[in-house]
Amino acid sequence: REEAAAAREREQAAQQRKAEQAVDEARRAANVAALEEQRRAIADEAEAKLACERAAAQEVARVKEAERLAAEEQARADARAAAAARNAAMAEEERRKEEAAKKRAEEEKAKLLAKAAEQKAAKKEAKEKNQKAKKAKSAFKLEEERGAKAAAEL
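First, a word on what this report is: a plain description of the structure on this page. Just so we're clear, the structure is a prediction, and the values are computed from it rather than from any experiment.

1. A word on the overall build of the chain
Looking only at helices and strands, one finds 2 helices and 0 strands in the chain. Considered along the principal axes of its C-alpha atoms, the chain spans approximately 220 × 20 × 10 Å. In the chain, which comprises 154 residues, the share counted as buried stands at 0%. Counting only carbon and sulfur atoms, one obtains 56% of the accessible surface of the chain, whose full area is about 14300 Å². For the chain, the distance from the average site of its 38 positive side-chain charges to the average site of its 34 negative ones is 15 Å.

Take a look at the structure:
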């Protein structure tokens, strides 16, 4: 009987050890599963973070490209405005030169007309003098008349 009780006791102790081992094994398996799940969650979180960083980098690149394109367009607009200003300045300068040339031509024409009028007046005056001189008695006749008068008075 004692032997059977000892055998039963040994059997129960062995079963208890087996049960404790099974519990320990189950606990270890649960811990391993929890650690594996935790590792997967960390990996998923890291992957999501990388995806967010990639998306942010792409967005930054898109923004930089948009800014670059806007800067290029602004530069082209500035160049067009500068060219328009240069063209306007050149047109204004050309207009001023044309006005100055026109004014010089008018002044020259006025000078020529004045000179021609002076010449015409001088010619007319000379013609009038000449006609007067023709109408006037010659110096010989005047001398004769004077001589005749003087003789008549004597």
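2. Let's talk about the pattern of salt bridges
All told, the structure shown has 13 salt bridges when counted by the stated rule. Between R62 and E59 there is a salt bridge, with the nearest N and O atoms lying 2.7 Å from each other. Pair noted here: R62 and E59 are both in helix α1 (residues 2-135), with a separation of 3 residues, about one helical turn. Of the charged contacts in the structure, one is a salt bridge between R68 and E72, with a shortest N-O distance of 2.4 Å. Of this pair, R68 and E72 both sit in helix α1, 4 residues apart, which is roughly one turn of the helix. By sharing partners, the salt bridges in this structure join E36, E37, R39 and R40 into a single network.

3. Examining the environment of E59
Accessibility expressed as a relative area gives 38% for E59, which makes it partly exposed. For the pair E59 and E94, spaced 35 residues apart in sequence, the C-alpha to C-alpha distance is 52 Å. Here the side chain of E59 touches R62 through a polar contact of 2.7 Å, side chain to side chain.

4. With respect to the environment of A56
Note on placement: A56 falls in helix α1. Overall, the relative accessible area of 40% leaves A56 in the partly exposed class.

Cut-offs and rules
- Residues numbered from 1 in each chain as written.
- Predicted model: local features only at pLDDT ≥ 70, side-chain atom pairs only at ≥ 80, totals over all residues.
- Heavy atoms only, no water.
- Helix = DSSP H or I, 4+ residues; strand = E, 2+ residues; numbered from the N terminus.
- Buried < 20%, exposed > 50% of the residue type's maximum accessible area, 1.4 Å probe, protein only.
- Areas by Shrake-Rupley, 256 points an atom, 1.4 Å probe, with all protein chains shown as cover.
- Lys, Arg positive; Asp, Glu negative; His and termini not counted.
- Charge placed at Lys NZ, Arg CZ, Asp CG, Glu CD.
- Salt bridge = Lys/Arg side-chain N within 4 Å of Asp/Glu carboxyl O.
- Polar contact = N/O pair within 3.5 Å; in protein donor to acceptor, adjacent residues only side chain to side chain.

All we've got here are geometric facts, nothing functional implied.
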